[in-house]
Amino acid sequence: SAWAQQPAPATPAPAVANQEAVNDEVSRQASGLKAELGKYKDSSGEAAEAMFKLVELYHKEGRLFGLVRIGQNFVTAHPNEPRAQGVMLKLLDGLEALSRNKEMSAACRQFLARYPQAPQVADIEVRLAAALGQMDDKKAAAEANRAVWTRQGPSEIGRRHGVQAV
C-alpha cells in the first residue's frame, strides 16, 4: 500500500513532541516541589503544603508511584489535616490502579475508621471488598461484601455483594 512505502518521519510527530514537553513540564514541577519538601520535616505545615501539591500533580498526571509514596507520607504525617481525607481518596486511587491489594485494604479500613460519615463510605466499602476478593483472605472478603450488602440493601450492588458474601 501507499502507506507502507512512505519513509518514517525524521523528527517526532507533533503530538509526540508535545507529549514529551508536557512530561518535561510535569517532571520540572515535581522536582521543584520535591526540593521544597526536602527543606522541611515531614510533620511541618510547609511540608504538608508541598506534599499536597505533589499528590494533586501526581494524581492529575497519573504518576502512580509518586502518588502512593507521597500520599502515604502525607496521611501518616498529617492525619488531622483538613485535606487528609481528599489525599486518602487519591491514595486509594493509586493503590487500586497498582493492584496493591494488601495496602489498599489497609487504607480502605483506615478511611472507614477515620471518616465513617463521609459520603464516599459506600464506595470505599465496595473497593475494600474488591481488594480483599483479590487476596486469599476469603473470610475478610465475605465480611466486606456483607458490609456492602448491609449498606446498599436490595440495590443491584447490594444484591451482588450479598451473593458474594455467602
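Because the structure is predicted, anything quoted here is derived from the model rather than measured.

Caption draft 1: Expanded view of the overall build of the protein. Helix and strand counts for the protein stand at nine helices and zero strands. In the protein, the succession of helices and strands from N to C terminus is α-α-α-α-α-α-α-α-α. Taking all 166 residues of the protein together, 34% fall into the buried category. Put simply, 46% of the contacts in the protein that link residues at least 6 apart link residues at least 24 apart. When the accessible area of the protein is evaluated, it comes to approximately 10100 Å², of which 54% is carbon and sulfur surface.

Caption draft 2: Seen up close, the nonpolar core. Leu 37, Leu 54, Ile 70, Phe 74, Leu 92, Phe 111 and Ile 124 are the most contacted members of the largest nonpolar core, which has 42 residues in total. If you list the elements that add at least two residues to this core, you get α2 (14–38), α3 (45–61), α4 (64–77), α5 (84–97), α6 (101–114), α7 (121–133) and α8 (138–152). Per-element accounting of this core gives the leading share, nine residues, to α3. Each residue touching Ile 70, except ones within four places of it in the same chain, is listed here: Leu 37, Met 51, Leu 54, Val 55 and Tyr 58.

Caption draft 3: Spatial organisation of the environment of Lys 60. Tracing the chain through its elements places Lys 60 in helix α3. Through-space distance from the C-alpha of Lys 60 to that of Lys 90 is 9.6 Å; in sequence the pair is 30 residues apart.

Caption draft 4: Up close: the pattern of salt bridges. Here the structure, examined in full by the defined rule, presents ten salt bridges. Here Lys 39 makes a salt bridge to Glu 36, at a shortest N to O gap of 3.4 Å. Of the charged contacts, one joins Glu 96 and Arg 127 as a salt bridge, the two residues approaching to 2.8 Å between their closest N and O atoms. Taken together, the residues span a long stretch of sequence, with Glu 96 in helix α5 and Arg 127 in helix α7 at a distance of 31 residues. Residue classification places Glu 96 among the partly exposed positions, given a relative accessible area of 37%. Residue Arg 127 is classed as buried on the basis of its relative accessible area of 11%. It is possible to trace a salt-bridge network through shared partners that takes in Asp 93, Glu 96, Asp 123 and Arg 127.

Definitions and cut-offs
- Residues numbered from 1 in each chain as written.
- Predicted model: local features only at pLDDT ≥ 70, side-chain atom pairs only at ≥ 80, totals over all residues.
- Heavy atoms only, no water.
- Helix = DSSP H or I, 4+ residues; strand = E, 2+ residues; numbered from the N terminus.
- Buried < 20%, exposed > 50% of the residue type's maximum accessible area, 1.4 Å probe, protein only.
- Contact = heavy atoms within 4.5 Å.
- Areas by Shrake-Rupley, 256 points an atom, 1.4 Å probe, with all protein chains shown as cover.
- Core = buried A, V, L, I, M, F, W, Y, C linked by side-chain atoms within 4.5 Å.
- Salt bridge = Lys/Arg side-chain N within 4 Å of Asp/Glu carboxyl O.

All we've got here are geometric facts, nothing functional implied.
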